[in-house]
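# Fold and geometry: a report
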Amino acid sequence: MKEYSIAKNDSGQRLNKFLEKAVPRLGGGQMHKYLRLKRIKVNGKRAEASLRLSEGDLVQLYLNDAYFSPVREDEAFRLISSPKLTVIYEDANILLADKAPGMVVHADESGDADTLIAHIQAYLVQTGAWDPADAASFSPALCNRIDRNTGGIVVAAKTAEALRILNEKIKEHELIKKYLLIVHGAPTPPSGQIENFLRRDEKRKQVTLHSARVPGSKTAITRYRTLAKNGGLSLVECELLTGRTHQIRAHMASIGCPLLGDGKYGSNEQNRPYREKGQALYAYSLTFRFGDGAGALSYLNGKTFRVKDIPFVRKYFPGFQLS
């Protein structure tokens, strides 16, 4: 028997949603079966899948140990019956997905198997685009990453050739990524370029900026322009000329305009009135700007793809149109 004591962060959610995260190996059909058989209880009593959990509740699972063994990331797609995926564009070679804030792209140190790549692979299996049973089959893979709390476009390769080409093009900076973000205050000047050196502190999971190169640092360049203002907030577009960890967040904070909702590089006092749970940052635009050697992906050259909707833009700048 395994027990889970419901903490504050898990309270208020349905029992079935909690079980999907706590026991990813337990499918929906099995979950309902074991609820009927009273092998899943809450506070020692039979419970319905729709039960809203409260802080202090005790979820008791009388299940085989196999259900609690870690899920291998390359097998996680098999546990997803209904992929949560917004596809922006898809062809025989690539898939562009609009990742929702809060979802991880790959399994992280928490071991969370509910990842973007798992949902993409489940979607491709269910649409017949990928057969994992074929030993010679290529496993669809991601070409870029986005932080858990950042939303936006992520590129997946559906073939080995596409993965090789895209990895090379990303290395050569031939995929142009633009972000929309909301910052406190107003950047001065309204448009410009921030260039310095960024060093990552692995222990603190944070970066520091330096005007001169220091050991372990890398060049960081961000181009920005202000698109709109609303009270004490500004809507800003950023283009990454280098792709460093937390680059936009650190750069905007360095000019006195931290991102709305960013507790790491911003101010909790500034953020508190807005009650945002994560930074207002979205990778909203991707342009393929290839030089030579795009091969099988040359048809993508010059094409731009954008997300259709960004919740925080709609909330704070309702009159702004994504173009």
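One structure accompanies this document, and this report is about it.

About the thresholds
- Residues numbered from 1 in each chain as written.
- Predicted model: local features only at pLDDT ≥ 70, side-chain atom pairs only at ≥ 80, totals over all residues.
- Heavy atoms only, no water.
- Core = buried A, V, L, I, M, F, W, Y, C linked by side-chain atoms within 4.5 Å.
- Buried < 20%, exposed > 50% of the residue type's maximum accessible area, 1.4 Å probe, protein only.
- Helix = DSSP H or I, 4+ residues; strand = E, 2+ residues; numbered from the N terminus.
- Contact = heavy atoms within 4.5 Å.
- Pairing = 2+ DSSP bridges.
- Salt bridge = Lys/Arg side-chain N within 4 Å of Asp/Glu carboxyl O.
- Polar contact = N/O pair within 3.5 Å; in protein donor to acceptor, adjacent residues only side chain to side chain.
- Expected span 1.5 Å × (residues − 1).

## A short note on the nonpolar core
By size, the foremost hydrophobic cluster in this structure holds 34 residues, and its most contacted members are I94, L96, I182 and F288. Elements with a minimum of two residues in this core: β6 (94-99), β8 (151-157), α4 (160-171), β9 (175-184), β13 (233-240), β14 (281-288) and α7 (311-316). Discounting residues that sit within four places of it in the chain, I182 has contacts with L233, S234, L235, P258, L259, L260, A280, F312, Y316 and F317. Core analysis: the next-biggest nonpolar cluster, separate from the first, contains 32 residues, A97, L181, V236 and A283 among them.

## Quick word on the pairing of strand β12 (residues 217-230)
Inspection of the sheet shows strand β10 (residues 191-201) paired to β12 by 9 bridges, in the antiparallel sense. Looking at the pairing, Q193 lines up with R223 of β12. Two successive antiparallel strands, β12 and β13, enclose a turn made up of 2 residues, where G231 displays a positive phi of approximately 60°.

## What about the environment of G192?
Within the secondary structure, G192 is located in strand β10. A sequence separation of 34 residues divides G192 from T226, and the C-alpha atoms of the two residues are 9.3 Å apart. What G192 contacts, discounting residues up to four positions off in sequence, is T222, R223 and Y224.

## Quick word on the environment of V155
Within the secondary structure, V155 sits in strand β8. On the basis of relative accessible area, V155 is assigned to the buried category, the value being 2%. The spacing of V155 and L286 is 131 residues in sequence and 9.4 Å in space, taken between C-alpha atoms. In this structure, V155 is in contact with L95, L96, A141, L142, C143, N144, L166 and L286, ignoring residues within four places of it in sequence.

## Description of the pattern of salt bridges
Counted by the stated rule, this structure contains 8 salt bridges. Here K169 and E174 are joined by a salt bridge, their closest N and O atoms 3.1 Å apart. For the residue pair K169 and E174, the accessibility class agrees, reading buried in each case. In this structure, the salt-bridge partner of E239 is R223, at a minimum N-O distance of 3.8 Å. In this pair, E239 is assigned in strand β13 and R223 in strand β12, connecting sequence segments 16 residues apart. For R223, a relative accessible area of 39% corresponds to the partly exposed category.

## Points about the side chain of H246
Relative to the assigned elements, H246 resides in the loop between β13 and α5 (247-254). A relative accessible area of 13% places H246 in the buried class. A distance of 2.8 Å separates a polar atom in the side chain of H246 from a polar atom in the side chain of Y265. When near neighbours in sequence (up to four residues on either side) are disregarded, H246 contacts D147, K205, Q206, V207, K264 and Y265.

## Considerations on the sheet that holds strand β4 (residues 58-61)
With antiparallel pairing, the 4 strands of this open sheet are ordered in space as β1-β4-β2-β3. Each edge of the open sheet carries a strand with a single partner, namely β1 (2-5) and β3 (45-46). Looking at chain direction, strand β2 (residues 40-42) and β4 are connected through 3 bridges and run antiparallel. Across the sheet, the residue bridging to I40 is L61, located in β4.

## Quick word on α4
Over its 12 residues, α4 extends 17 Å from the first C-alpha to the last, a length consistent with the 16 Å expected when each residue adds 1.5 Å. Of the residues making up α4, those classed as buried are A162, L163, I165, L166 and K169. Where α4 is buried, its residues contact β6, β7 (141-142), β8, β9 and β14.

## Some details on the pairing of β6
Counting buried residues along β6, 6 of its 6 residues qualify, which places the element largely inside the surrounding structure. Judged by which residues are buried, β6 turns out to be covered on both faces: I94, L96 and D98 on one side and L95, A97 and K99 on the other are all buried. Across 3 bridges, strand β5 (residues 87-90) lies against β6 in antiparallel orientation. Bridging from a neighbouring strand, Y89 pairs with L96 of β6. Across 6 bridges, the pairing between β6 and β8 is antiparallel. The residue bridging L95 from the neighbouring strand is A156, located in β8.

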